[in-house]
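Structural description and commentary
Below, each chain spelled out in residue letters.
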Amino acid sequence: NKLLCHAGAVAQMRIEFFVGHGYSGLFSPGEVDGIVRLSSAMAPVSGLPSFSGQISRAKVFPCAAIKVFRDDVASGNLLFGGSKTGQAGTNY
């Protein structure tokens, strides 16, 4: 039973990195294909007292994961998490 990010939306993606930024490896100039997954780290917390602050008003705990496919090496994986106390709005 998955506890974190148990439900989300997945889409194909392509990122184009431009010349001149100075990064290498996964961020080398050119295009990379992969998948992106947007989810909430957990369901809203209910039943908390009002003094518990922002977490008592949270509706989502935004997370994004990116998997970039590469030839002859393991995929590149990035995970981004939002605020630990979530956010009141449902818009990412």
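In this report, the structure presented in the accompanying data block is examined. (Residues numbered from 1 in each chain as written. Predicted model: local features only at pLDDT ≥ 70, side-chain atom pairs only at ≥ 80, totals over all residues. Heavy atoms only, no water.)

1. A short note on a nonpolar patch on the surface
Put simply, the rule is: The patch calculation keeps residues exceeding 30% relative accessible area without a salt bridge and links them within 9 Å when they carry like charges or within 5 Å when they are nonpolar (Val, Leu, Ile, Met, Phe, Trp, Tyr). Computed with a 1.4 Å probe, the accessible areas rest on the Shrake-Rupley method; for each residue, only the protein chains presented here act as cover. Any Lys or Arg side-chain nitrogen found within 4 Å of a carboxyl oxygen on Asp or Glu counts as a salt bridge. Secondary structure elements follow DSSP: runs of H or I no shorter than four residues count as helices, runs of E no shorter than two count as strands, and numbering proceeds from the N terminus. Residue exposure (1.4 Å probe, protein chains only): buried if accessible area is under 20% of the type maximum, exposed if over 50%, otherwise partly exposed.
Together, V10, I35 and F69 line one region of the surface with nonpolar side chains, adding up to about 270 Å² of accessible area. Inspection of the secondary structure puts I35 in strand 2 (residues 30-40). According to the relative accessible area criterion, I35 is partly exposed, its value standing at 30%.

2. Quick word on the nonpolar core
Where we set the bar: Among buried residues, the Ala, Val, Leu, Ile, Met, Phe, Trp, Tyr and Cys ones that are joined through side-chain atoms within 4.5 Å form a nonpolar core. For this analysis, residues touch if any pair of their heavy atoms sits within 4.5 Å.
Counting six residues, the largest nonpolar core consists of M13, F17, L26, V32, I66 and V68. Put simply, the parts of the chain that give this core at least two residues each are strand 1 (8-17) and strand 3 (62-68). Those residues in contact with I66 that lie beyond four places of it in its chain are M13, I35, V36, G76, N77, L78 and F80.

3. Remarks on the sheet that holds strand 2
Hydrogen bonding along the main chain pairs the strands of a sheet, whether they run parallel or antiparallel. The following threshold applies: Note on pairing: DSSP must find at least two bridges between two strands before they are called paired. Here an axis means a line fitted to C-alpha atoms, over the contact stretch when the element is a helix, while the angle between two N-to-C directions is reported on a 0 to 180 degree scale.
Overall, antiparallel pairing links the four strands, which are arranged 1-2-3-4 in an open sheet. The sheet is open, and its two edges are formed by strand 1 and strand 4 (76-81), each paired on a single side. Going from strand to strand, the sheet's axes swing by 20° on average, the running direction of each strand aside. Here seven bridges tie strand 2 to strand 3, and the two strands are oriented antiparallel to one another. Looking at strand 3, one finds that S39 is bridged to C63.

4. Section: unusual backbone geometry
Located in the positive-phi region is D72, a residue other than glycine, with phi close to 65°. Relative to the helices and strands, D72 is located in the loop between strand 3 and strand 4. Owing to a relative accessible area of 84%, D72 belongs among the exposed residues under this scheme.

5. Some remarks on the pattern of salt bridges
Within this structure, the stated rule accounts for two salt bridges. Between E31 and R14 there is a salt bridge, with the nearest N and O atoms lying 3.7 Å from each other. Taken together, the residues E31 in strand 2 and R14 in strand 1 connect sequence positions 17 residues apart. The exposed category is assigned to R14, whose relative accessible area is 56%. Each of R14, E31 and D33 takes part in a single network of salt bridges with overlapping partners.

6. Remarks on the packing of aromatic side chains
Definition in use: Pairing of aromatic side chains here covers Phe, Tyr and the six-membered ring of Trp, requires ring centres within 6.5 Å, and sorts the geometry by plane angle: under 30 degrees stacked, over 60 edge-to-face, intermediate tilted.
Using the criterion set out here, one finds two aromatic pairs in the structure. Judged by centre distance (5.5 Å) and plane angle (90°), the ring pair of F17 and F27 falls under edge-to-face. Pair noted here: F17 is in strand 1 and F27 is in the loop between strand 1 and strand 2, with a separation of ten residues, a long-range link. By relative accessible area, which is 33% here, F27 ends up partly exposed. An angle of 65° between the planes, with centres 6.3 Å apart, marks the rings of Y23 and F27 as edge-to-face. On the basis of relative accessible area, Y23 is assigned to the exposed category, the value being 58%. Three or more aromatic residues joined by ring pairs make a cluster, and in this case those are F17, Y23 and F27.

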